[in-house]
Amino acid sequence: MRENAMPDHRKLGRELELFDTDPLIGAGLPYWLPAGAAIRHSLEEYIRREERRAGYQHVYSPVLGKRELYELSGHWAHYREDMFPPMELGAEEELVLRPSLCPHHAVMFRSRSRSYRELPLRMAELGGMYRSERSGVLGGLTRVRAIQLNDAHIFCTVEQVAEEARGALELIRRAHRALGIGPVRYRLSLAGDGAKYVADPELWRRSAELLEQALDGLGIEYERAKGEAAFYGPKIDVQITDSAGREATLSTVQVDFHQPARFDLHYVGPDGAKHRPVMVHRSIIGSVERAVAQLIEQHGGAFPAWLAPVQLAVLPVSEEQLPAARALLARARELDLRAELADPREGSLGARIREHRLVPYQAVLGAKEAADGAAALRLRDGRRLEPLPVERVLAELGAVVADQRAELWPH
């Protein structure tokens, strides 16, 4: 075992009742239990909010598409071995579970005429996609067959690409800080040899140069890696490591000249003529599944307060304080805090404190606190605060959660 190794998310995720799998549902298809669903929901809402602030517009698109859609995008020719087999509907129609969201977004872009004044157009979606992974490589949340992807596609001019890629990288770095995730390296993934990649050397060269400009503009050190690009273009991969020391990609920024040409995308320029946009693919946290797996291992189950499945445990010392405890619980939930009552009939105060050791905040109510409308707050880091009015306690907790702060208490 490695020194200071992180906990395995598969073991801890099941112990904490975050997620699980069942042979009847199938390998690589985890289900989310209430505590895990709370983490996932908070993460998704955080990403949507940050994307809105950055000028993204959110869309929904179906998880199915006709086989012809993926033939047009190039996925069928270059990615078919990782796709589920087509489902036949009648003699002439075949539907495919999508392996990617970009073809749908390309179709949505071309649904009407576009002007250069609309660019850059930033289209985002937290959408499902499916990969036909072999059973032997599946595990926990990191390798799954049903993926919820934090995806976006920026349609822009060539001149806007480097700035848009820089903006995506800044979003990625901000999200990693909020989540407490430490990437191990940035990788510029380039084409390798063989027929895996679309053939257009000049476009590959231009795409790589634009990504290099974005990385250099932010002073980010990176490594070049041949053979790790997407089939349609080079990409920036932000790499993380798991509890076993295995490296994986969490976040990406990609430049794509290929699919705009395949879908005949265009916008009307200031000269009144049609011009081809560039697609910048970017994912801030990659798949929700892999992001949560990394969070479980990074934090050992002691999540930042804004992500924690239970943010506040209410602990009455005895049954006499139950009415005050229930009132505090109801008020916390009114303020959208995830709170839980640790009933005194379930064990001693010490036992209940230990049971809730991963909860960021514990509000202890003795006879004096209940009479005064106050609570004695215990923080997960071991600090104990003097009794404070309940409304102040909840206001402080709400501010920490709303701001996605790393610290547990403002002072």
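Please refer to the structure higher up on the page.
Residues numbered from 1 in each chain as written. Predicted model: local features only at pLDDT ≥ 70, side-chain atom pairs only at ≥ 80, totals over all residues. Heavy atoms only, no water.

Draft legend 1. The arrangement of the layout of surface pockets in detail. Roughly 400 Å³ of volume is contained in the second largest pocket. Along the walls of the second largest pocket sit 16 residues, with Ser42, Gln311, Asp336, Arg338 and Val401 positioned nearest its centre. Counting only elements with at least two residues in the lining of the second largest pocket, the list comes to α2 (34–53) and α13 (390–402). Considered class by class, the residues forming the lining of the second largest pocket number six nonpolar, five polar and five charged. (1 Å grid on protein atoms, 1.4 Å probe; cavity = no way out; pocket = protein on both sides within 12 Å on 5 of 7 lines; lining within 4 Å. Points joined across faces, edges and corners; volume = space filled by probe spheres on them. Helix = DSSP H or I, 4+ residues; strand = E, 2+ residues; numbered from the N terminus. Nonpolar A, V, L, I, M, F, W, Y, C, P; charged D, E, K, R; others polar.)

Draft legend 2. Structural context of α2. Over its 20 residues, α2 runs 29 Å from end to end, which matches the ideal 28 Å to within 8%, given 1.5 Å per residue. Looking one or two residues past α2, Gly55 carries a phi angle of roughly 90 degrees, positive in sign. (Expected span 1.5 Å × (residues − 1).)

Draft legend 3. How the structure looks around the nonpolar core. Counting residues in hydrophobic clusters, the biggest one holds 84 residues, and the most contacted among them are Leu43, Leu169, Val253, Leu312, Tyr361 and Leu377. Examining the composition of this core, we find that 10 residues originate from one element, helix α6 (residues 161–179), more than from any other. Trp76, Leu119, Met123 and Tyr267 belong to the second largest nonpolar core, which has 18 residues in total. (Core = buried A, V, L, I, M, F, W, Y, C linked by side-chain atoms within 4.5 Å. Buried < 20%, exposed > 50% of the residue type's maximum accessible area, 1.4 Å probe, protein only.)

Draft legend 4. Representation of empty space enclosed by the protein in the model. Tallied over the entire structure, the rule returns one cavity of 30 Å³ or more. By volume, the largest cavity amounts to about 40 Å³. Every residue along the wall of the largest cavity is listed here: Tyr46, Ile47, Glu50, Glu51, Leu171, Ala175 and Ile284. Of all elements in the fold, only α2 and α6 reach the threshold of two or more residues within the lining of the largest cavity. Along the lines of polarity and charge, the residues of the lining of the largest cavity split into five nonpolar, no polar and two charged.

Draft legend 5. Here's a closer look at the packing of helix α10 (residues 322–334) against α13. Taken N-terminus to C-terminus, the directions of α10 and α13 make an angle of 35 degrees; their axes are 11 Å apart at the nearest point. Relative to α13, α10 is oriented so that their crossing is right-handed. Together, Leu328, Arg331 and Ala332 of α10 and Val390, Glu391 and Leu394 of α13 make up the contact between the two elements. Of the residues contributing to the contact of α10 with α13, the split by class is four nonpolar, no polar and two charged. (Axes fitted to C-alpha atoms, helices over the stretch in contact; angles between N-to-C directions. Left-handed = near helix turned anticlockwise from the far one by under 90°. Contact = heavy atoms within 4.5 Å.)

Draft legend 6. Quick peek at helix α9 (residues 288–299). Helix length check: α9 (12 residues) gives 16 Å between terminal C-alpha atoms against 16 Å at 1.5 Å per residue, within 8%. Of all 12 residues that make up α9, 10 are buried, and the element is covered over most of its length. Of the residues making up α9, those classed as buried are Val288, Glu289, Arg290, Ala291, Val292, Ala293, Gln294, Leu295, Ile296 and Glu297. Within two residues after α9, Gly300 carries a phi angle of roughly 60 degrees, on the positive side.

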